[in-house]
Amino acid sequence: MCLFHRSHARAASDPSNGPMTATASPTSPGSAPGAAPKISFVSLGCPKALVDSERILTHLRAEGYELARRHDGADVVIVNTCGFLDSAKAESLAAIGEAMAENGRVIVTGCMGAQPEEIREKYPDLLAVTGPQAYESVVAAVHEAVPPAHDPFLDLVPPQGIKLTPRHYAYLKISEGCSNRCSFCIIPSLRGNLVSRPAADVLREAEKLVKAGVKELLVVSQDTSAYGVDIRYAESPWRDRQVRAKFYDLTKELGELGAWVRLHYVYPYPHVDEVIPLMAEGKVLPYLDMPLQHASPSVLKRMRRPGNQERQLDRIRSWRATCPDLAIRSTFIVGFPGETEAEFEELLAWLQEAKLDRVGCFEYEPVAGATANALGDPVPPAVKAERKRRFMEAQNGIALRLQRAKVGRRLAMIVDAVEGGVAKGRSKADAPEIDGTVHAAFRRPVRVGDIVTVKIDRAEAYDLYGTVA
Ligand code: SF4
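Computed from a predicted model, the values in this text were never measured in an experiment.

A word on the overall build of the protein chain
- Within the protein chain, the secondary structure is distributed over twelve helices and 21 strands.
- Burial statistics for the protein chain: of 469 residues in total, 57% are counted as buried.
- Taking the contacts inside the protein chain whose residues are at least 6 apart along the sequence as the reference set, 74% of them involve residues at least 24 apart.
- For the protein chain, the accessible surface area stands at approximately 18,900 Å², while carbon and sulfur atoms represent 52% of it.

Below you can see the structure in the form of structure tokens.
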């Protein structure tokens with residue numbers, strides 16, 4: 001998982017930040033004995049890995065496999081691993097260990113599967129180990145372990161496929177891999193270079209999701225703004241027209257589908273400017289998840305980051321002039337090898353100027369295989385921790401001021417849960433899992449997935465409180 005992509009607003013206050021974990025829920029709990037073979041599934045890692053899990057499950061479900069609630073009741077367990085950081089690897093190995101202990105018939109896939117030796121060394125009895133995006137190999141391994149029960153009359157799969165997210169939002173993966181070579185990242189060696197999906201494929205999937213009740217589409221990839229570069233922006237037929245595989249064109253078409261569209265992992269390339277008017281017009285959400293990682297030009301150079309980093313502030317100012325409600329979230333790394341106090345202070349000063357809405361901060365972790373490890377003296381752990389604390393303290397002040405400016409406003413909220421007379425949801429400025437929550441009292445009935453208007457009465461650095469209008 002690219003933790004550096006998956007930004008966490010609560011990085012300072014919530015030590016549980018880390019890879020997302022999803023366990024598949026069965027669609028028919030407690031199915032009759034002797035029925036179709038059962039799969040237990042563990043999905044670790046980022047939203048991109050979650051989309052891979054959904055594809056595998058959709059395929060298997062279409063073949064008649066059932067989903068088991070527990071490892072010990074399943075015919076086979078699949079663990080989709082995350083191998084980006086050492087901490088994510090440790091979590092993946094622990095999940096494999098649990099599956100081996102509780103079941104013993106285990107197939108491993110995902111990012112960590114790109115380094116099978118490490119897994120095999122610890123768990124030599126695994127049924128199979130396959131790499132990321134190797135759907136067919138996973139399915140083949142399942143067939144070998146437990147053949148599908150053939151039933152030509154089975155029609156178990158909803159048209160939008162199996163989703164691990166709640167029904168009202170869904171991740172939409174537009175490409176695989178990455179052609180950048182950021183020095184701290186091994187994703188390209190795990191997932192390969194950028195491979196974009198044709199625009200019409202993405203749009204067809206998005207349309208199906210919206211027809212099935214999805215209200216919010218979360219666009220993900222490793223580098224969303226580079227979409228289509230590898231296929232030279234090829235056109236594909238969609239409805240009565242040809243659509244180019246280009247960031248702006250795809251975003252514009254997605255904005256026509258009638259759902260909230262949220263853009264993740266966008267780099268500050270010049271052409272990103274083009275989508276800001278779509279946000280100002282209300283076609284897509286005024287939200288940009290833009291992992292910037294640092295602001296000191298010398299550190300960014302050592303990081304080999306894409307995009308024109310030096311003019312970021314001008315860019316952000318002009319975006320906000322076009323779209324005043326734009327919420328920008330980002331992630332930063334502190335303690336990059338050789339980072340000096342002066343470079344860190346450049347970052348702090350930049351943060352005060354940029355006034356980003358949501359920010360996550362990670363201490364540099366020397367991932368095995370990352371070229372950055374050799375770029376400078378490691379920053380001592382205590383210094384890294386102290387810089388993270390100072391960084392998040394500065395950001396908390398900024399976030400609180402921005403949040404307080406929302407008091408008295410009426411904001412749209414998508415409802416994620418209704419508990420004890422309070423609806424919990426997210427404003428347009430809040431992505432699921434990583435941003436804040438809006439807590440709203442209500443008098444008329446509200447349901448999960450509704451988009452309601454909330455009058456904001458009170459603000460904290462992350463969360464807002466109010467009443468459904
Ligand atoms: S953009 Fe950089 S950090 Fe992100 S996946 Fe590509 S190489 Fe890794």
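Alright, that's what it looks like, and here's the rest.
Digging into the pattern of salt bridges
- Within this structure, the stated rule accounts for 35 salt bridges.
- As a salt-bridge pair, Arg-315 and Asp-273 come within 2.9 Å of each other at their nearest N and O atoms. Of this pair, Arg-315 sits in helix α10 (residues 312-322) while Asp-273 sits in the loop between β13 (260-263) and α8 (276-280), and the two are 42 residues apart along the sequence.
- The class of Arg-315 is buried, set by a relative accessible area of 12%.
- Arg-409 serves as the salt-bridge partner of Asp-325, at 3.3 Å between the closest nitrogen and oxygen.

Focus: the nonpolar core
- Core analysis: the biggest nonpolar cluster contains 62 residues, and Leu-254, Leu-263, Met-279, Leu-288, Trp-319, Trp-350 and Phe-391 have the highest contact counts within it.
- What Leu-263 contacts, discounting residues up to four positions off in sequence, is Val-219, Phe-247, Thr-251, Val-275, Met-279, Tyr-287, Leu-288 and Asp-289.
- The next biggest cluster of nonpolar side chains, apart from the first, holds 36 residues, and it includes Leu-85, Cys-111, Cys-182 and Phe-184.

Looking at the environment of Arg-304
- Tracing the backbone shows Arg-304 in the loop between α9 (297-303) and α10.
- In this structure the C-alpha to C-alpha distance between Arg-304 and Phe-184, which are 120 residues apart in sequence, comes to 8.7 Å.
- Setting aside anything within four residues of it in sequence, one finds Arg-304 in contact with Arg-181, Cys-182, Ser-183 and Thr-371.

Considerations on unusual backbone geometry
- One non-glycine residue, Tyr-233, lies in the positive phi region at around 55 degrees.
- As for its position among the elements, Tyr-233 is in the loop between β10 (216-220) and β11 (235-238).
- In this structure, Gln-293 takes a positive phi of about 70 degrees despite not being glycine.
- On the secondary structure map, Gln-293 appears in the loop between β14 (287-289) and α9.

Some words on the packing of helix α6 (residues 199-211) against helix α7 (residues 247-254)
- In contact at an axis separation of 11 Å, α6 and α7 are set at 25 degrees when each is read in the N-to-C sense. With respect to their mutual orientation, α6 and α7 come out roughly parallel. Both α6 and α7 take part in a crossing whose hand is right-handed. For the pair α6 and α7, contact is made by Ala-199, Val-202, Leu-203 and Ala-206 and by Leu-250, Glu-253 and Leu-254, respectively.
- Of the residues assigned to the contact of α6 with α7, the class counts are six nonpolar, no polar and one charged.

Points about the pairing of strand β5 (residues 106-110)
- Burial analysis of β5 places five of its five residues in the buried class, which makes it a mostly covered element.
- Residues of β5 alternate between two faces, with Val-106, Val-108 and Gly-110 on one and Ile-107 and Thr-109 on the opposite face, all of them buried.
- Each parallel crossover has a hand, and the one from strand β4 (residues 76-81) via helix α2 (residues 86-102) to β5 is right-handed.

Some points on the environment of Lys-48
- Tracing the sequence through the fold places Lys-48 in helix α1 (residues 47-62).
- Note: C-alpha distance between Lys-48 and Gln-222 (174 residues apart in sequence) is 8.1 Å.

Focus: the confidence of the model for the protein chain
- Per-residue confidence for the protein chain gives a mean pLDDT of 87, with 88% of residues at or over 70.
- Long-range and interchain partners of residues 1-21, a stretch whose pLDDT sits below 50, account for 91 contacts in this model, where long-range means more than four residues apart.
- Under a pLDDT of 50 for its full length, residues 24-33 has, in the predicted model, 14 contacts with residues more than four places off or in other chains.

What about the pairing of β10?
- Most of β10 is tucked away: five of the five residues are buried.
- Of the two faces of β10, the one lined by Glu-216, Leu-218 and Val-220 and the one lined by Leu-217 and Val-219 are each fully buried.
- Both strand β7 (residues 169-173) and β10 contribute to a ladder of five bridges, which runs parallel. Opposite Tyr-171, over in β10, you have Leu-218 as the bridge partner.

Comments concerning the packing of α10 against helix α11 (residues 341-354)
- The contact between α10 and α11 brings their axes to 10 Å, and the two run at 15 degrees. When the axis of α10 is compared with that of α11, the two are roughly parallel. Seen from above, α10 lies across α11 with right-handed handedness. Facing Gln-312, Leu-313, Ile-316, Arg-317 and Arg-320 of α10, the residues of α11 in contact are Trp-350, Glu-353 and Ala-354.

Comments concerning the sheet that holds strand β20 (residues 451-459)
- Overall, mixed pairing links the five strands, which are arranged β17-β18-β19-β21-β20 in a closed barrel. Within the sheet, the average angular offset between the axes of one strand and its neighbour, ignoring direction, is 50 degrees.
- Relative to strand β19 (residues 438-441), strand β18 (residues 422-427) is paired through four bridges, and the arrangement is antiparallel. Looking at the pairing, Lys-424 lines up with His-439 of β19.

Looking at α6
- When the terminal C-alpha atoms of α6 are compared, their 18 Å separation across 13 residues agrees well with the 18 Å that a helix rising 1.5 Å per residue should span.
- Buried residues of α6: Ala-199, Ala-200, Val-202, Leu-203, Glu-205, Ala-206 and Leu-209, and no others.
- On its buried side, α6 packs onto β7, β10, β11, β12 (241-244) and α7.
- Positive backbone phi, at 110 degrees, marks Gly-213, one or two positions downstream of α6.

Quick notes on the side chain of Asp-435
- Tracing the sequence through the fold places Asp-435 in the loop between β18 and β19.
- Take Asp-435: its relative accessible area is 6%, and that puts it in the buried class.
- A polar contact of 2.6 Å, which involves the side chain of Asp-435, links it to the side chain of Tyr-287.

Definitions and limits used
Residues numbered from 1 in each chain as written. Predicted model: local features only at pLDDT ≥ 70, side-chain atom pairs only at ≥ 80, totals over all residues. Heavy atoms only, no water. Helix = DSSP H or I, 4+ residues; strand = E, 2+ residues; numbered from the N terminus. Buried < 20%, exposed > 50% of the residue type's maximum accessible area, 1.4 Å probe, protein only. Contact = heavy atoms within 4.5 Å. Areas by Shrake-Rupley, 256 points an atom, 1.4 Å probe, with all protein chains shown as cover. Salt bridge = Lys/Arg side-chain N within 4 Å of Asp/Glu carboxyl O. Core = buried A, V, L, I, M, F, W, Y, C linked by side-chain atoms within 4.5 Å. Axes fitted to C-alpha atoms, helices over the stretch in contact; angles between N-to-C directions. Parallel < 35°, antiparallel > 145°, perpendicular 65-115°, else oblique. Left-handed = near helix turned anticlockwise from the far one by under 90°. Nonpolar A, V, L, I, M, F, W, Y, C, P; charged D, E, K, R; others polar. Right-handed = clockwise from strand over helix to strand, strands pointing away. pLDDT = per-residue confidence, 0-100. Pairing = 2+ DSSP bridges. Expected span 1.5 Å × (residues − 1). Polar contact = N/O pair within 3.5 Å; in protein donor to acceptor, adjacent residues only side chain to side chain.

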